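# Residue-level structural notes
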2 protein chains.
Amino acid sequence: MDRGRAEVLAPLLKALADPVRLRLMSLIACHTSAEACVCDLTPAFELSQPTVSHHLKVLHEAGLVERERRGVWIYYRLHPRASRVLDALSDLDATVGASR
Amino acid sequence: MDRGRAEVLAPLLKALADPVRLRLMSLIACHTSAEACVCDLTPAFELSQPTVSHHLKVLHEAGLVERERRGVWIYYRLHPRASRVLDALSDLDATVGASR
């Protein structure tokens, strides 16, 4: 991996390196039509809707999710390439954390 | 992804979310026998050997690399499951960063 690519990927991983944002990515991927608005996602967390919106904004700014406004709601879906990373991460189970 | 797994993965991603550590992972994977010591890795960076050792320690503490002492050197190799994440990340090219 060259330096340029590493410098593109590092902030993307930083955006993902948060338990709430990881779960948001997974919830969006599993939601009907693989898209969701903040109103669909907030009930899964013990967090306010503005806080969940903030985490969605971080994911969007990192290029991990795409968004589209329809009426009063914004709908989020995973960037296609982000889906593959999520699959790989799902496979990276607790044994990694336990192997220290 | 449930909350427990998200809380295991988040610190692991945080450990990866650094351009030097991403390149270290890639360099170790590509080195002869897929293992390397700090003396093999330092020349690729404009960093001191203690700084590179520090980054290797962060990767080890996150469970992303395994290490083994042989004589005066410690040899590092990727944890097998980390290899798959690295493959997925290599595929996640600059278009993600460019899609904002």
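Computed from a predicted structure; not experimentally measured. What you see as residue numbers is a count from 1 along each chain, following the sequence as written. Each chain gets a letter, beginning with A, and each ligand a number, beginning with 1, in the order they are written. Predicted model: local features are reported for residues with pLDDT of at least 70 only, side-chain atom pairs are reported and counted for 80 or more only, and whole-chain, interface and lining totals are derived from all residues. Only hydrogens and water are removed before side-chain values are computed, so all heavy atoms of the structure are retained for them.

### With respect to the pattern of salt bridges
Charged atoms that come close allow side chains of opposite charge to pair. The term salt bridge refers to a pairing of a side-chain nitrogen on Lys or Arg with a carboxyl oxygen on Asp or Glu at a separation within 4 Å. By the definition in use, this model includes 10 salt bridges over all chains. A salt bridge links Glu35 of chain B to Arg70 of chain B, with the shortest nitrogen-to-oxygen separation between them at 2.9 Å. Taken together, the positions of Glu35 of chain B in the loop between α2 (19-30) and β1 (36-37) and Arg70 of chain B in strand β2 (residues 65-70) put the pair 35 residues apart, joining distant regions of the chain. As a salt-bridge pair, Arg77 of chain B and Glu35 of chain B come within 3.2 Å of each other at their nearest N and O atoms. Placement of the pair is Arg77 of chain B in strand β3 (residues 73-78) and Glu35 of chain B in the loop between α2 and β1, with a sequence separation of 42 residues. Throughout, exposure labels follow a simple rule: accessible area from a 1.4 Å probe, protein chains only, divided by the maximum for the residue type, with under 20% read as buried, over 50% as exposed, and the rest as partly exposed. Overall, the relative accessible area of 34% leaves Arg77 of chain B in the partly exposed class. Taken together, the shared-partner salt bridges connect Glu35, Glu68, Arg70 and Arg77 of chain A into one network. Secondary structure elements are taken from DSSP: a helix is a run of H or I of four residues or more, a strand is a run of E of two residues or more, and numbering for both begins at the N terminus.

### Quick notes on α2 of chain B
In an α-helix, one turn spans 3.6 residues; hence positions three or four apart end up facing the same way. Residue and element names in this part refer to chain B. Here a helix's expected span is defined as the number of its residues, less one, multiplied by 1.5 Å. End to end, α2 covers 17 Å across 12 residues, agreeing with the expected 16 Å (1.5 Å per residue, within 8%). Those residues of α2 lying buried are Val20, Arg21, Leu22, Arg23, Leu24, Met25, Ser26 and Ile28. Of the residues flanking the start of α2, the one acting as N-cap is Asp18, its side-chain oxygen 2.9 Å from the backbone nitrogen of Val20. A 3.5 Å cut-off defines polar contacts: any pair of N or O atoms within that distance qualifies, except that in protein one atom must be a possible hydrogen donor and the other a possible acceptor, and neighbouring residues in sequence count only when both atoms are side-chain atoms.

### Focus: unusual backbone geometry
All names here are of chain B. With a phi angle near 65°, Ser33 is a residue other than glycine that sits in the positive phi range. In this structure, Ser33 sits in the loop between α2 and β1. Owing to a relative accessible area of 54%, Ser33 belongs among the exposed residues under this scheme. The backbone of Ala34 shows a phi angle near 55°, a positive value even though the residue is not glycine.

### Comments concerning the environment of Trp73 of chain B
Residues and elements named next belong to chain B. Topologically, Trp73 is positioned in strand β3. Exposure remark for Trp73: the relative accessible area of 31% places this residue in the partly exposed category. Spatially, the C-alpha atoms of Trp73 and Cys37 are 6.4 Å apart, while their sequence positions differ by 36 residues. In this description, contact between two residues means that some pair of their heavy atoms is separated by no more than 4.5 Å. Contact partners of Trp73, with chain neighbours within four places excluded, come to Cys37, Val38, Cys39, Gln49 and Glu68.

### Looking at the sheet that holds strand β2 (residues 65-70) of chain A
For sheets, the rule is that strands pair by backbone hydrogen bonds, running either parallel or antiparallel. Residues and elements named next belong to chain A. For two strands to pair, DSSP has to find at least two bridges joining them. One open sheet accounts for 3 strands, arranged β1-β3-β2; its pairing is antiparallel. With one partner strand each, in any of the chains shown, β1 (36-37) and β2 form the two edges of the open sheet. Note: β1 against strand β3 (residues 73-78), 2 bridges, orientation antiparallel. Residue pairing for β3: Ala36 is matched across the bridge by Tyr76. The convention used is that axes are lines fitted to C-alpha atoms, helices contributing only their stretch in contact, and that angles between N-to-C directions extend from 0 to 180 degrees. This element, helix α2 (residues 19-30), spans β1, β2 and β3 of the sheet and lies at about 95° to β3.

### Observations concerning helix α4 (residues 49-61) of chain B
All names here are of chain B. Compared with an ideal rise of 1.5 Å per residue, which puts 13 residues at 18 Å, α4 spans 18 Å between its outermost C-alpha atoms and is within 8% of the ideal. Turning to α4, its buried residues are Val52, His55, Leu56, Leu59 and His60. Seen end-on, α4 carries its buried residues on one side only, within an arc spanning 145°. As for α4, its buried residues are in contact with α1 (3-16), α2, α3 (38-41), β2 and β3. Taken from the residues just after α4, Gly63 is the one with a positive phi, measuring 80°. Note that the arc is defined by the directions from the helix axis to the C-beta atoms.

### Some remarks on the packing of α2 of chain A against α1 of chain B
Viewed as axis vectors pointing N to C, α2 of chain A and α1 of chain B meet at an angle of 120°, and their least axial separation amounts to 8 Å. The handedness of the crossing between α2 of chain A and α1 of chain B is right-handed. Across the interface between the two elements, Pro19, Leu22 and Arg23 of chain A of α2 of chain A pack against Arg3, Ala6, Glu7, Leu9, Ala10 and Leu13 of chain B of α1 of chain B. Side-chain classes are defined by residue name, with Ala, Val, Leu, Ile, Met, Phe, Trp, Tyr, Cys and Pro counting as nonpolar, Asp, Glu, Lys and Arg as charged, and the others, Gly among them, as polar. Looking at the contact of α2 of chain A with α1 of chain B residue by residue, the classes come out as 6 nonpolar, no polar and 3 charged. Take the far helix as your reference; a near helix turned counterclockwise from it by less than a right angle gives a left-handed crossing, and one turned clockwise gives a right-handed crossing.

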